[in-house]
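# Coordinate inspection notes
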Amino acid sequence: MDKKLKTATICVQAGWEPKNGEPRVLPIVQSTTFKYDNTEEMADLFDLKKEGYFYTRLQNPTNDAVAKKIAILEGGVGAMLTSSGQAANFYAIFNICEAGDHIVASTEIYGGTYNLFGVTLKKLGIECTFINQEASEEEISKAFRPNTKALFGETISNPGCKVLDIEKFARIAHQHGVPLIVDNTFPTPINCRPFEWGADIVTHSTTKYMDGHAMQVGGCVVDSGNFDWEAHADKFPGLTTPDMSYHGLTYTKKFGKMAYMTKLVAQLMRDLGSIPSPHNAFLLNLGLETLHLRMARHCENAQKVAEFLSKDNRVAWIHYSGLPDDCHHALAEKYLPNGSCGVIAFGLKGDRATAVRFMDSLKLIAIVTHVADARTCVLHPASHTHRQLSDEQLREAGIAPDLIRLSVGIEDVEDILHDIKQALDNI
C-alpha cells in the first residue's frame, strides 16, 4: 500500500491487502502452525534465510497485518505486536540491554512502567535513573553513564498529562549515542508521530485508544529504522556482533534498518513469547479502522470538559494541555496541534475523601482500572493504579494524592457534563 495515503485511509485500509478472491476483511488465522512440503523450506525459515510463517509465537499473518498498519501510521520501518503495553516497554528496552546496563527515564511515566524500570529490571541487572523531564539538558545529561543504553519518556504522561519535549529528549539521547524510546499511547499517531521529532523507537499500549473499546489487552513496538546501531557498535553488541543462536549472523549486517525489529521477533519473542492471540489482533484492527474518527471526538469532548472544570470553583487545579493557561500548552501547540487526547488530570478542593465522594457520586461515568476507550471513565491513581508508590514517589512522578484521572469518552458531551455537575454538587 502506498505510504503517501492520508492517515484516515491508512487506518481503514493499510496492513491487509487482499488479492483477487481473498477475504475483504482481515481474516483471523487461528492456527499455531503452518505446513510446508519439505524439510529445507522450513529449515530456511528457522535460519532466517527466508521470510514466512511456521509458528505463531514468532509470526502470524493476522498479527503481522495489524503490526504493519501501526508501523505505517507511525512512519516506521516495522512493528511487532505484544500481549500488553507493559510487554512492549519491556521488550523495547530488553532488546538492547542486558545485565550490567543502565537506562534513563522520565519520572513522568505510568506507575506500572515506573515499577518495571525501577524494580523488576533491577532484578535482571539493568539499572534505571529517573529524571525530571523539565530539567535542563545539562542536568538530564548528568544521569547518563558509559553503560547507558536508552532514554525513555511518554509523549503525554499517564496520569499527569504532562507533554514531553521530544526534540529536547532526542537531542540528549543522541548526544550520548543512545536511542530515544517514546511511549505514544495517549496521543496515538493520529495526534503525534514522535519519529518526526527525532524519536527512534515508539511503544504503545494498544489496549487504550488504538483498541478503543476495552475489548483486548495488547501492545506494540515500532522502530523508525533511523538509529545507527553500527555507529555505536560497542554499546549494542546484541545487534552488531554474531548471534550464535542463529549460526553467527549479525543483525545489523544481515538486516540493515530492520536489525532491531528482526532481533526483537527472532530472539526475544522466540524466547519470551508475549504474543497476542490472532483474535485479539483482529479486534485491535477493528479499533484502528475508526481511530482517526474517535480521537477527534475524544479531544473535542475533553476540551469542553476541561474548560468547564477550569471555571468551577470547587476544582483546585487542572492539567489539560488544550487549555491556553496550561503549563504545557506551548509544547502541545508544537507537538500536538490537532489535539492531545481525552485524558484530563485534576484535583478538587479538599482531601482524598473529597475525590472519593465525587467519584462515588458519578452515575454515567464509571470507576474502572482503564483509560482511553469510548466510554467516559475515572480513576484515583493514588488509591488504585499507583497505590504501590509512596507519597514521595507519587510526588516525584507528578501525581498528587488528590489527582483524579478523567478519561473523556465519545458520548454526547452534554451528558458527560451533566454527570460531572451532579457529582460535584454531592461533595
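Let us look at the structure shown here. Please read all numbers here as calculations on a predicted model, not as lab measurements.

## Side note on helix α13 (residues 291-311)
- Given a rise of 1.5 Å per residue, 21 residues ought to cover 30 Å, and the 30 Å separating the end C-alpha atoms of α13 matches this to within 8%.
- By the burial criterion, the buried members of α13 are L291, H292, R294, M295, H298, C299, N301, A302, V305, A306, F308 and L309.

## Digging into the packing of helix α3 (residues 61-74) against helix α12 (residues 278-289)
- Two elements in contact, α3 and α12, have axes whose closest approach is 8 Å; the angle formed by their N-to-C orientations is 35°. The handedness of the crossing between α3 and α12 comes out as left-handed. When α3 is examined against α12, the residues T62, N63, V66, K69, I70 and L73 are found in contact with a partner set consisting of P278, A281, F282, L284, N285, L288 and E289.
- Residue composition of the contact of α3 with α12, by class: eight nonpolar, three polar and two charged.

## Focus on the pairing of strand β6 (residues 201-205)
- In terms of burial, β6 is largely enclosed, as five of its five residues are buried.
- Burial of β6 is two-sided: the residues I201, T203 and S205 facing one way and the residues V202 and H204 facing the other way are all buried.
- Pairing analysis gives three bridges linking strand β5 (residues 180-183) to β6, with the strands arranged parallel. Residue pairing in the sheet places D183 in a bridge with T203 of β6.

## Observations regarding helix α2 (residues 39-46)
- The opening residue of α2 is N38, an N-cap whose side-chain oxygen sits 3.2 Å from the backbone nitrogen of E40.
- A positive phi of about 60° marks L48, the residue just after α2.

## Some details on the pattern of salt bridges
- Under the definition given, this model contains 16 salt bridges.
- In this structure, D373 and R375 form a salt bridge, with 3.6 Å as the shortest nitrogen-oxygen distance.
- With a relative accessible area of 4%, D373 lands in the buried category.
- Several salt bridges converge on common partners, so that one network encompasses D312, R314 and D425.

## With respect to the pairing of strand β9 (residues 343-348)
- Most of β9 is tucked away, with six of its six residues classed as buried.
- With burial as the criterion, each face of β9 is covered, one bearing V343, A345 and G347 and the other bearing I344, F346 and L348.
- Bridge count between strand β8 (residues 315-319) and β9: four bridges; the pairing is antiparallel. Paired with V315 across the bridge in β9 is L348.
- By the bridge criterion, four bridges tie β9 to strand β12 (residues 404-407) in an arrangement that is antiparallel.

## Describing the packing of aromatic side chains
- Taken as a whole, this structure holds 14 aromatic pairs when the rule is applied.
- Following the ring pairs from residue to residue traces out a cluster consisting of F227, W229, F236 and Y260.

## Remarks on the packing of helix α4 (residues 85-94) against helix α5 (residues 111-123)
- Between α4 and α5, the least distance of the axes is 10 Å, while the angle of their chain directions is 45°. The pairing of α4 with α5 is recorded here as oblique in orientation. The chirality of how α4 crosses α5 is right-handed. Here α4 contributes Q86, N89, F90 and I93 to the contact with α5, which in turn contributes G112, T113, L116, F117 and L121.

## Side note on the environment of D223
- Looking at the secondary structure, you find D223 in strand β7 (residues 219-223).
- Remark: the alpha-carbon pair of D223 and A199, spanning 24 residues in sequence, is separated by 9.4 Å.

Cut-offs applied
Residues numbered from 1 in each chain as written. Predicted model: local features only at pLDDT ≥ 70, side-chain atom pairs only at ≥ 80, totals over all residues. Heavy atoms only, no water. Helix = DSSP H or I, 4+ residues; strand = E, 2+ residues; numbered from the N terminus. Expected span 1.5 Å × (residues − 1). Buried < 20%, exposed > 50% of the residue type's maximum accessible area, 1.4 Å probe, protein only. Axes fitted to C-alpha atoms, helices over the stretch in contact; angles between N-to-C directions. Left-handed = near helix turned anticlockwise from the far one by under 90°. Contact = heavy atoms within 4.5 Å. Nonpolar A, V, L, I, M, F, W, Y, C, P; charged D, E, K, R; others polar. Pairing = 2+ DSSP bridges. Polar contact = N/O pair within 3.5 Å; in protein donor to acceptor, adjacent residues only side chain to side chain. Salt bridge = Lys/Arg side-chain N within 4 Å of Asp/Glu carboxyl O. Phe/Tyr/Trp six-rings, centres within 6.5 Å; stacked < 30°, edge-to-face > 60°. Parallel < 35°, antiparallel > 145°, perpendicular 65-115°, else oblique.

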